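Structure at a glance
As a plain string of letters, each chain reads:
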Amino acid sequence: MTLSANTPTAELQALDAAHHMHPFTHGAGLAAKGARVITRAEGCWLTDSDGHRILDGMAGLWCVNIGYGRSELAEAARRQMLELPFYNTFFQTTHVPAIALAKRLADLAPGDLNHVFFASSGSEANDTNLRMVRTYWAEKGQPQRQWIISRWNGYHGSSVGSGSLGGMKGMHAQGGMPIPGIAHIDQPHWWLEGGQTSPEEFGLMRARQLEEKILELGPQNVAAFIAEPIQGAGGVIVPPDSYWPEIQRIVKQYGILLIADEVICGFGRTGNWFGAQTLGITPDIMTIAKGLSSGYQPIGGSIVSDEVAEVIGGTEFNHGYTYSGHPVACAVALENLRLLDEEGIVTRVREETAPYLKDRFESLAEHPLVGEARIVGMMGSIALTPDKASRARFEAEAGTVGFLCRERCFANNLIMRHVYDRMIVSPPLVISKDEIDILIDRAWKSLDQTLVQVKAEGLMRSA
Ligand code: PXG
């Protein structure tokens, strides 16, 4: 059987339901409904098997920073596959693409982050980090420093290690997570959890939970704190301005390592190469993936400080993946970084399109269903609420209204993701002003339709 984009949608859906298990999906529910089949993409636009053209407000899964259809990346893969499709980086061996990409990342990364350990995904990279920080302390004669502190509603991946670092309770409920040695503190989500405090006070309160947790565990037992500069999968939660400076003070005071998970924030998403630069953070390790190759190849990694690399280099670090530094993935990532840089895409985001998007996106806060609209660079979210003034949650189960809104967006040929009752955008960085206008118009229309439906179904009630 040969399948193609011309195979009837129903046939593709039936085979998909019969044989393909989807991530984070209720299998039987999807099988009954049929998955949407995406067949092509160009720039910021997807085409599905029914011929719809859909504006991709999520850059795939927060990753297609450079946009779809770049032949240069295909050429880079082709060239590398013909020259050296695979060789490993174990056993005292290396190759040009891994060397070149590591050097490029060392140049791009801030401060003394000059060393790269490669993986194929963000999850793998965070598993590396988990073992690396503990090994670092063991090498420094402090093997009792095992605890890693992270945050509820943070996302760091889906493997056992990275999923444990993450703070997604639905994930922890399945398969024996979190593993021991990981402690979670609350997130700096002022809009939902800030109550009567000001955002600045709340940011300080939430940062100081880190200090309280360090003191509870014993500072001598804590290895690291890991966090996304801006939470992505948790709902694009932009922390109050007071939050990160206080976190930075605390990790410095207690001498614990700081891991900035840049899997979403990295590679231009916030208007700089890394979210750490936008938020004024000085990490010891940065997790990278997604935008590193704009999703054209699966590749991730950890960018590590001189000090951490030197200590780790003093032992044999018994860790690595077959595809650590995969030559084709490295070649494609290098080409992606070259284009993002030479075409001025990151600069254009910072200076031109992100300010335009911010202006238009924040106007969504005027919609009767929207409580707040927050955006940094090209990642933003709006909170749906039955009552703006009191920042109320819906009485209906969290996510009910968000799901309805996402369905409306789909129907209007716009991909916007929902996280509970927040709607997210994270478009390709190459999105034009005209396309931003289309995005906002479709979002507004979808909100209007959602409001009608929510009222009709009696869902406009506060918890
Ligand atoms: N860290 C962060 C900050 C992420 O957002 C990972 C690590 C894990 O990367 P991999 O490559 O292993 O998936 C991520 C991934 C969503 C969604 O629904 C977000 C991610 C993955 C899947 C779904 O928003 N982020």
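Attention in this report is confined to the structure presented alongside it. Since we're looking at a predicted model, the values are computed, not measured. (Residues numbered from 1 in each chain as written. Predicted model: local features only at pLDDT ≥ 70, side-chain atom pairs only at ≥ 80, totals over all residues. Heavy atoms only, no water.)

**Some remarks on the overall build of the protein**
Scanning the protein for helices and strands turns up 17 helices and 15 strands. The C-alpha radius of gyration of the protein comes to 22 Å, within 12% of the 23 Å expected for a compact globule of 463 residues. Across its three principal axes, the protein shows a C-alpha extent of roughly 65 × 60 × 45 Å. Buried residues in the protein amount to 54% of all 463 residues. (Helix = DSSP H or I, 4+ residues; strand = E, 2+ residues; numbered from the N terminus. Rg over C-alpha atoms; globule rule 2.2 N^0.38 Å. Buried < 20%, exposed > 50% of the residue type's maximum accessible area, 1.4 Å probe, protein only.)

**A short note on the site of the ligand**
Lining the immediate environment of the ligand, one finds 16 residues, of which Trp 62, Gly 122, Ser 123, Asp 261 and Arg 417 sit closest. Separating a nitrogen atom of the ligand from a side-chain N or O atom of Lys 290 is a distance of 3.2 Å. A distance of 2.5 Å separates an oxygen atom of the ligand from a polar atom in the side chain of Arg 417. Elements represented by at least two residues in the shell around the ligand include exactly helix H3 (59–62) and helix H6 (122–139). Here the element with the most residues in the shell around the ligand is H6; it accounts for 3 residues. Per-class residue counts for the shell around the ligand are 6 nonpolar, 6 polar and 4 charged. Taken together, domain 1 (37–69 + 344–456) and domain 2 (72–342) each give at least three residues to the shell around the ligand, which thus spans both. (Near = heavy atom within 4 Å. Polar contact = N/O pair within 3.5 Å; in protein donor to acceptor, adjacent residues only side chain to side chain. Nonpolar A, V, L, I, M, F, W, Y, C, P; charged D, E, K, R; others polar. Domains from an automatic or database assignment.)

**Quick notes on the pattern of salt bridges**
On inspection of all chains with the given rule, the structure shows 19 salt bridges. Salt-bridge contacts for Arg 104 lead to Asp 341; the nearest nitrogen and oxygen are separated by 3.2 Å. With Arg 104 in helix H5 (residues 96–108) and Asp 341 in helix H14 (residues 327–342), this pair connects stretches of sequence that are 237 residues apart. On the basis of relative accessibility, which here comes to 39%, the residue Asp 341 falls in the partly exposed class. For Glu 407, the salt bridge is made with Arg 406, and the minimal N-O distance between the two is 3.5 Å. A residue is classified by how much of its surface remains accessible, and Arg 406, at 23% relative accessible area, is partly exposed. (Salt bridge = Lys/Arg side-chain N within 4 Å of Asp/Glu carboxyl O.)

**Brief notes about the environment of Val 346**
With respect to the helices and strands, the residue Val 346 is situated in helix H15 (residues 345–362). Sequence separation of Val 346 and Asn 65 is 281 residues, and the distance between their C-alpha atoms is 9.5 Å. Excluding its chain neighbours within four sequence positions, the residues that come into contact with Val 346 are Gly 268, Gly 271, Asn 272, Trp 273 and Leu 340. (Contact = heavy atoms within 4.5 Å.)

**Observations concerning the sheet that holds strand E8 (residues 257–261)**
Sheet architecture is open: 7 strands sit in the order E4-E10-E9-E8-E7-E5-E6, paired in mixed fashion. Two strands lie at the open edges of the sheet, namely strand E4 (113–119) and strand E6 (182–185), each paired on one side alone. For this sheet, the mean inter-axis angle between neighbouring strands, taken without regard to orientation, is 20°. Relative to strand E10 (residues 300–305), E4 runs antiparallel, the two sharing 6 bridges. Its bridge partner lying in E10, Phe 118 is registered against Gly 301. Packing against the sheet, H6 makes contact with E4, strand E5 (147–151), E6, strand E7 (222–227), E8, strand E9 (285–288) and E10, and its axis sits at approximately 160° to E9. Contacts between helix H10 (residues 199–217) and the sheet are confined to E5, E6 and E7, with E6 contributing the most and set at about 150° to the helix. (Pairing = 2+ DSSP bridges. Axes fitted to C-alpha atoms, helices over the stretch in contact; angles between N-to-C directions.)

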